[in-house]
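As a plain string of letters, each chain reads:
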Amino acid sequence: MNDPTTRHPSRREALGFLLGTAAATAASPLRAQTATVQNPPADVGVPRLGEELTPFGAVRAGNRTRAIPAWTGGLTQAPRGYVPGRPSPDPFIEDVRWFTVGAADVERYKVRLTAGQLALLEKFPESFELALFLSRRSAAAPQRIYDASMANADRASLGANGLVLRDAAVGVPFPIPANGVQAMWNHKLRWRGERVTRTSLTMVQSADGARTQTRLREDFLSPYAAGDATAPPLLYRRTVLEPKEQAGNSLIVQSTLDPIAARTRAWAREGERGRVVRAPDFAYDTPDPVTGGICTADMLDMFSGALDRFDFTLVTRREMYMPYNAQRLTNPGLTARDILWPGHPNPQFLRYEMHRVWVVDARLKPNFQHSLPDRTYYLDEDSWQILASEHYNGKGELLRYAEAHPIPHWQVPALVPTVEFAFDLTADRYVARGMDNGLPPPQFDAPLKPDDFTEEALVRRGRRG
């Protein structure tokens, strides 16, 4: 087996390429600021939020080549063929592949590819490819979220070195971000519905074809999006349903806007009747057990947890090939054998499009430790969802690469990942989180309340057996 850490683009090379230079360390604040006005209409001076820019701060216009269309509000209507009570059909099922990027095409399309995509193309030249489709800017949100986001632009601020978020409510805190910390807060508090319950499979695929499977129930509640300032802003609970020997293993996480006043809290329970204990170690680079150790705790939801250990720099806004409108992955007729190949997913079921993304560089602060101390994040300008992330060791060698493949839920409306893939490039393993083929679709009106995400709630659920 080839040693991937000696062949993949180094982090320095990857950042240099993103900036259009031979080498780079990090972007200056000036570079980040000038990037925010990329591609405005030619007859407009400073872009205005809600006009030349969407309420989330995305460039409303298409690009010069029209490969990226103008944003016209996203997908908010039922697709053709929708039948109430049945899964929503793929609204873009008639789209045909535009072109394909394979290993032989890297030099031609390198400017649009992440370092992680380049690594996969290099590592699997005979089987991995990117299927490119016409771009569909399907991300949408309710009007109240747009209104709150535009209000936040005039009032939200950061304190205590970016750790404390102040005066933001309901919407995206910083639709026109001035730095990387603001961009990461946008991802953490992005709109994805007020509440959602889903049952899905997390599968770890090994290079030899072996596969392990965990069935999970996940519950998410956003008091922040509901305008409830009395509860923690984000609440998450997951419970293992299968395999039998792990059934009942549960985790609850309560996030915070002010970790100085009230830190993120977590509790865990082993089995249906196990003792509920605090889980302060489920943070930062603690391996996430359901991913076979491929992902760290702060790779949950592409990035989660506190922002205190990294310096985040807003590098640029760039047009790149990103996973998007991934309804092909949710086809109920597909099985894990169809989708998960050794080394990488079957590219036949992956859809990539050209989208503008914010690039954020993360570097571990001095005097802190982390197994993956250098990262690069790619945030969708239309939704603030992190679509891709690269994770390097201290030598600048790429060890992990992750992609979130989102779909638009027009009923909410919201753009939400359906499957997240995370690749261990040192061992040809990867994990697929969120597979739900043949399972009920996510439920966005689940009867969840903040009291369901407490230590006491875990105790009560365990006693019921």
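Residues numbered from 1 in each chain as written. Predicted model: local features only at pLDDT ≥ 70, side-chain atom pairs only at ≥ 80, totals over all residues. Heavy atoms only, no water.

An unreviewed UniProt entry lists the chain under the name DUF1329 domain-containing protein, with Azospirillum humicireducens given as the organism.

### Concerning the overall build of the chain
As a reminder of what qualifies: Each helix is a run of H or I in the DSSP string that is no shorter than four residues. Each strand is a run of E no shorter than two, and both are numbered from the N terminus. Throughout, exposure labels follow a simple rule: accessible area from a 1.4 Å probe, protein chains only, divided by the maximum for the residue type, with under 20% read as buried, over 50% as exposed, and the rest as partly exposed. The contact criterion used throughout is that any non-hydrogen atoms of two residues lie within 4.5 Å.
Each helix and strand counted, the chain has 9 helices and 17 strands in total. When burial is assessed residue by residue, the chain has 57% of its 465 residues classed as buried. Of all intrachain contacts in the chain linking residues separated by at least 6 positions in sequence, the fraction that spans at least 24 positions is 63%.

### Quick notes on helix 6 (residues 180–188)
Given 3.6 residues per turn, any residue in an α-helix points the same way as the ones three and four places further on. Here is the rule: For the purposes of these results, a polar contact is taken to be a pair of N or O atoms within 3.5 Å, where, inside protein, one atom must be able to donate a hydrogen and its partner to accept one; residues adjacent in sequence count only when each atom of the pair is a side-chain atom.
Most of helix 6 is tucked away: 9 of the 9 residues are buried. For helix 6, the set of buried residues is Gly 180, Val 181, Gln 182, Ala 183, Met 184, Trp 185, Asn 186, His 187 and Lys 188. Where helix 6 begins, one side-chain oxygen reaches toward the backbone nitrogen of Val 181, 3.2 Å away; that side chain belongs to Asn 179.

### Quick notes on helix 5 (residues 143–155)
Quick reminder of the rule: By this rule the span expected of a helix is its residue count minus one, scaled by 1.5 Å. Relevant arc is that of directions from the helix axis to the C-beta atoms, nothing else.
Helix length check: helix 5, at 13 residues, gives a terminal C-alpha distance of 19 Å against a target of 18 Å (1.5 Å per residue), a fit within 8%. Those residues of helix 5 that sit buried are Ile 145, Tyr 146, Ala 148, Ser 149 and Asn 152. Viewed along the axis of helix 5, the buried residues span an arc of 165°, placing them on a single side of the element. The exposed set on the far side of helix 5, more than 90 degrees from its buried face, consists of Gln 143 and Asp 154. Residues of helix 5 that are buried sit in contact with helix 7 (223–226).

### Details of the environment of Gly 159
Locating Gly 159 in the fold gives a position in strand 3 (residues 157–159). Of the residues examined, Gly 159 reaches a relative accessible area of 7% and is grouped as buried. As for Gly 159 and Asp 258, which are separated by 99 residues in sequence, their C-alpha atoms are 9.1 Å apart. In this structure, Gly 159 is in contact with Val 164 and Arg 166, ignoring residues within four places of it in sequence.

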